[in-house]
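Observations on chain architecture
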Protein chains: 2
Amino acid sequence: MPDDSLLLPDAPVLTPGQRLARGVCRHLLGHDFVTVEELVPTPGLRVDVMALGPKGEIWVVECKSSRVDYTSDRKWQGYLDWCDRFFWAVDEAFPTDLLPEGTGLIIADGYDAEILRMGPETRLAGARRKVMLQKFARHAALRAQAARDPGVSLSAWG
Amino acid sequence: MPDDSLLLPDAPVLTPGQRLARGVCRHLLGHDFVTVEELVPTPGLRVDVMALGPKGEIWVVECKSSRVDYTSDRKWQGYLDWCDRFFWAVDEAFPTDLLPEGTGLIIADGYDAEILRMGPETRLAGARRKVMLQKFARHAALRAQAARDPGVSLSAWG
């Protein structure tokens with residue numbers, strides 16, 4: 001696999017999990033899902049990728065770069081309450097037998113991904129969907145603003 | 001007023017209207033409104049700034065850098081259908097007597113802004129509000145993704 005730091009000298013150094021997230025986000029865009037990273041749906045919980053589909057679908061994807069990364073996550077069932085579908089994203093070397101049944105599975109690298117198994121659908125209630133869409137919009141807009149206007153500090157806004 | 005191109009050599013060159021938009025967006029953030037620029041609510045209409053408030057309020061701000069810029073805009077009444085409140089943003093030299101009654105007024109420069117007059121509230125119907133929130137979220141997320149991942153091209157997605 002090519003080394004990003006050679007190809008793109010100005011690119012930020014990504015953690016293994018962030019590299020998976022990047023590939024996941026690229027792939028989901030091909031399904032017309034837009035994405036944000038590291039959204040906090042409720043205090044104490046931070047999702048790696050939240051995706052918004054063309055019909056308003058809300059998916060959560062947790063990116064696990066290693067067995068240890070996975071087994072140290074005690075919170076994953078908490079994510080189910082904040083999305084219509086839940087997926088794990090792992091690289092091709094990951095022992096996928098570890099992953100619980102009834103969850104979606106995406107195989108990813110830093111450049112692309114593939115959905116191997118859809119997570120079962122448990123649709124959000126209308127009120128929570130509305131709250132999540134608002135959170136998604138705010139999270140995305142703050143980051144887009146910071147990108148187009150380096151004079152803005154997000155520290156006060158998250 | 002300082003010249004941005006001297007202060008920030010890597011900053012993009014903004015048009016006068018985009019400079020006003022930047023000041024407007026900075027100011028609105030102080031009111032806890034997040035913003036996107038150049039959103040297309042419906043084909044043929046592009047708003048300069050769309051803002052999303054903490055309670056889901058949707059505001060549109062059209063930035064006019066000169067009398068000619070204002071008088072050449074024949075579409076502004078079309079914006080009213082896509083927001084709860086509508087504002088003009090102009091610089092302090094703009095002849096504000098030109099502006100129609102019953103619209104909001106913001107005085108801006110490239111660094112900040114001030115709301116001089118609130119636009120009257122005409123609340124969006126629920127279905128349209130939902131559509132606009134979804135458009136806002138998609139627009140913002142695509143631009144945030146492009147900023148964090150230069151490998152993504154938005155050309156196919158707007």
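Note that the structure is a prediction, hence the values are computed from the model and not measured.

Before going further, it helps to spend a moment on the packing of helix α2 (residues 16-30) of chain A against helix α5 (residues 126-148) of chain B. Contact geometry of α2(A) with α5(B) gives a least axis separation of 12 Å together with a crossing angle of 140 degrees. It follows that α2(A) is oblique to α5(B) by the angle criterion. Like other packed secondary-structure pairs, α2(A) and α5(B) cross with a definite hand, here left-handed. Contact with α2(A), carried on its side by Cys25(A), Arg26(A) and Leu29(A), involves Leu142(B), Gln145(B) and Arg148(B) of α5(B) and no other residues of that element. Split into classes, the residues belonging to the contact of α2(A) with α5(B) amount to three nonpolar, one polar and two charged.

Right, let's get into the sheet that holds strand β6 (residues 113-117) of chain A. Residue and element names in this part refer to chain A. The six strands are arranged β1-β2-β3-β4-β5-β6 in an open sheet whose pairing can be described as mixed. Whereas interior strands pair on both sides, the edge strands pair on one side only; in this sheet they are β1 (34-42) and β6. Strand-to-strand twist across the sheet, computed as the mean angle between neighbouring axes with direction ignored, equals 35 degrees. Bridge count between strand β5 (residues 104-108) and β6: four bridges; the pairing is antiparallel. Each bridged residue has a counterpart across the sheet, and for Ile107 the counterpart in β6 is Glu114. Along the sheet face, α2 touches β1, β2 (45-52), β3 (58-64), β4 (85-90), β5 and β6 and points at about 145 degrees away from the line of β3. Here helix α5 (residues 126-148) sits on the sheet in contact with β1, β2 and β3, set at roughly 115 degrees to β1.

Reading the values: rules and limits
- Residues numbered from 1 in each chain as written.
- Chains lettered and ligands numbered in written order.
- Predicted model: local features only at pLDDT ≥ 70, side-chain atom pairs only at ≥ 80, totals over all residues.
- Heavy atoms only, no water.
- Axes fitted to C-alpha atoms, helices over the stretch in contact; angles between N-to-C directions.
- Helix = DSSP H or I, 4+ residues; strand = E, 2+ residues; numbered from the N terminus.
- Parallel < 35°, antiparallel > 145°, perpendicular 65-115°, else oblique.
- Left-handed = near helix turned anticlockwise from the far one by under 90°.
- Contact = heavy atoms within 4.5 Å.
- Nonpolar A, V, L, I, M, F, W, Y, C, P; charged D, E, K, R; others polar.
- Pairing = 2+ DSSP bridges.

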